[in-house]
Amino acid sequence: MLERIKHLTEEIGNLKADLPEEVEQFRLKYLSKKGLVSVLFEDFRDVPAPQKKETGQLLNQLKAAAQQKIEELKASFEVREEEADPGMDLSRPVTNMVPGTRHPLSIVRNEIIRIFAQIGYTVAEGPEIEDDWHNFSALNFPPEHPARDMQDTFFIAKDPEILLRTHTSSVQIRTMETEKPPIRKIFPGRVFRNEAISARAHCIFHQVEGLYVDKNVSFMDLKQTLLYFAREMFGESTEIRLRPSFFPFTEPSGELDVSCNICGGKGCNICKYTGWVEILGCGMVDPAVLENCGIDSKIYTGFAFGMGIERITLLKYQVKDLRLFFENDLRFLRQFTGTI
Ligand code: PHE
């Protein structure tokens, strides 16, 4: 009996398994009712009394060792299964990831770029910190002219005067100084005016400027381009109207209204019950501006327009308060999920 216990203790101590099924076979072989260890317990009854104590202890130790060995072998497979199961799906997402969303102003800027790219416009940018020449003088604003007052300016240095650009029209000058016609470009960017912040005004906002200079460019080209833009942006049934206006750098100048896309022209509080909303300023580039940039105004003509991105976004998404664009409130921004 002692011999058999010793032999089995060694045998079980050396057990190795390559597959999980083998562990189950070991359990059946040694520990099931008819298993080799269990059978020893039956034989134990016949052990003579003086040896019972010692044999019993060894027998219990053997059973415990066998159970422990089987558990160990089982556990080793559980770990290995996780590590190396060829059927395991490693691409399974770990947690539910929520992707970010684009800012509504970026969505509309990208849409404007897409619309003009379709008719051959490329994109350029200019600096936000400007000198007097590019923001005012080259654009035909004489010193002391009251038109400068309409754009309440943040000056950051005097003599020479350095300022935060009040409009993207400065990029017209930078472009015409370095490139010769044909020029067909849009200039998106941030602009600054010293305005009190309210639901309808902000000291930082965004514009997209457009410039087309070539031989024989006429007001008809401007009007058709703006009609195309308005319908792409606000829908096929959109109507436009041009009202005469004044800008020092365009002659003639106009302001463009589109039929209110919210009430369809019937009148609502967004269009102040007129059926029309203003979206941009425009006009034929003043010959003096072309000459300031070294372009011969007897050969070339051009048109320019400038629109506020906030304004168009307000209309497109019916946002009631401009300040929402700058507050980074996720409850506002997450409403634009899934839009590119
Ligand atoms: N720069 C003008 C503004 O900010 C808009 C404009 C651009 C007007 C181009 C005419 C031509 O109000």
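Predicted model only: the values in this text are computed from it and were never measured.

Novice: So what exactly am I meant to see when it comes to helix α1 (residues 2-13) here?
Specialist: In an α-helix, one full turn covers 3.6 residues, which means residues spaced three or four apart are oriented alike. With 12 residues, α1 should reach 16 Å at 1.5 Å per residue; the first-to-last C-alpha distance of 16 Å fits that figure. Three or more residues of α1 are buried, namely I5, L8 and I12. Taken around the axis of α1, the buried residues stretch over an arc of 70°, which confines them to a single face. Of the exposed residues in α1, the ones pointing more than 90 degrees away from its buried face are E3, K6, H7 and E10.

Novice: What is the right way to read unusual backbone geometry from this model?
Specialist: The peptide bond linking P181 to P182 adopts the cis configuration, its omega dihedral lying at 5°. Residue P252 follows E251 across a cis peptide bond; omega there is -5°. With respect to the secondary-structure elements, P252 resides in strand β8 (residues 250-259). The phi dihedral of Y273 falls on the positive side, at around 60°, and the residue is not glycine. In this structure, Y273 sits in the loop between β8 and β9 (276-285). Although it is not a glycine, Q318 adopts a positive phi angle of roughly 55°. By the element assignment, Q318 lies in the loop between α10 (309-317) and α11 (330-333). On the basis of relative accessible area, Q318 is assigned to the partly exposed category, the value being 43%.

Novice: Can you help me understand the site of the ligand in this one?
Specialist: As a structural note, the neighbourhood of the ligand is formed by 15 residues, with H167, S169, R193, Q207 and E209 the closest of them. Within the side chain of S169, a nitrogen or oxygen atom sits 2.9 Å from a nitrogen atom of the ligand. Here an oxygen atom of the ligand sits 3.0 Å away from a polar atom, N or O, in the side chain of Q207. Coverage of the ligand by the protein chains reaches 91% of its 320 Å² of free accessible surface. Contributing elements (two or more residues each) for the shell around the ligand: α7 (169-178), β6 (204-214), β9 and β10 (301-308). Among the elements that line the shell around the ligand, the one with the most residues is β10, at 3 residues. A per-class count over the shell around the ligand returns 5 nonpolar, 8 polar and 2 charged.

Novice: What is the right way to read the nonpolar core from this model?
Specialist: Generally speaking, soluble globular proteins have nonpolar side chains that are buried together. One finds I112, F229, I279, F305, M307 and I312 to be the most contacted residues of the largest nonpolar core, which totals 42 residues. Those elements that place two or more of their residues in this core are α5 (104-117), β6, α8 (219-234), β8, β9, β10, α10 and α11. No other element matches the 7 residues that α8 contributes to this core. Within the second largest apolar cluster, 23 residues are counted, among which are L139, I173, I183 and F249.

Cut-off values and rules
- For every chain, the first residue of the written sequence is number 1, and numbering continues from 1 along that sequence.
- With pLDDT at 70 or above as the cut-off, local features in this predicted model cover only qualifying residues; side-chain atom pairs require 80 or more to be listed or tallied, and sums for whole chains, interfaces and linings still use all residues.
- Each side-chain value is derived from all of the structure's non-hydrogen atoms; neither hydrogens nor water enter the calculation.
- A run of DSSP states H or I qualifies as a helix once it reaches four residues; a run of E qualifies as a strand once it reaches two. Both are numbered from the N-terminal end.
- Multiplying 1.5 Å by the helix residue count minus one yields the expected span of that helix.
- Type-normalised accessible area, obtained with a 1.4 Å probe on protein chains alone, sets the label of each residue: buried when under 20%, exposed when over 50%, and partly exposed for intermediate values.
- Note: the arc covers the axis-to-C-beta directions of the helix.
- The nearness test applies per residue and asks whether one of its heavy atoms lies within 4 Å of the molecule or strand.
- Each polar contact in these results corresponds to two N or O atoms within 3.5 Å; when the atoms are within protein, one needs to be able to donate a hydrogen and the other to accept it, and residues that are neighboring in sequence are counted only if both atoms are side-chain atoms.
- For the accessible areas, the method is Shrake-Rupley and the probe is 1.4 Å, while residue cover comes only from the protein chains on display.
- Amino acids are sorted into nonpolar (Ala, Val, Leu, Ile, Met, Phe, Trp, Tyr, Cys and Pro), charged (Asp, Glu, Lys and Arg) and polar (every other residue, Gly among them).
- Only buried residues count toward a nonpolar core. Its members are Ala, Val, Leu, Ile, Met, Phe, Trp, Tyr and Cys residues joined through side-chain atoms within 4.5 Å.

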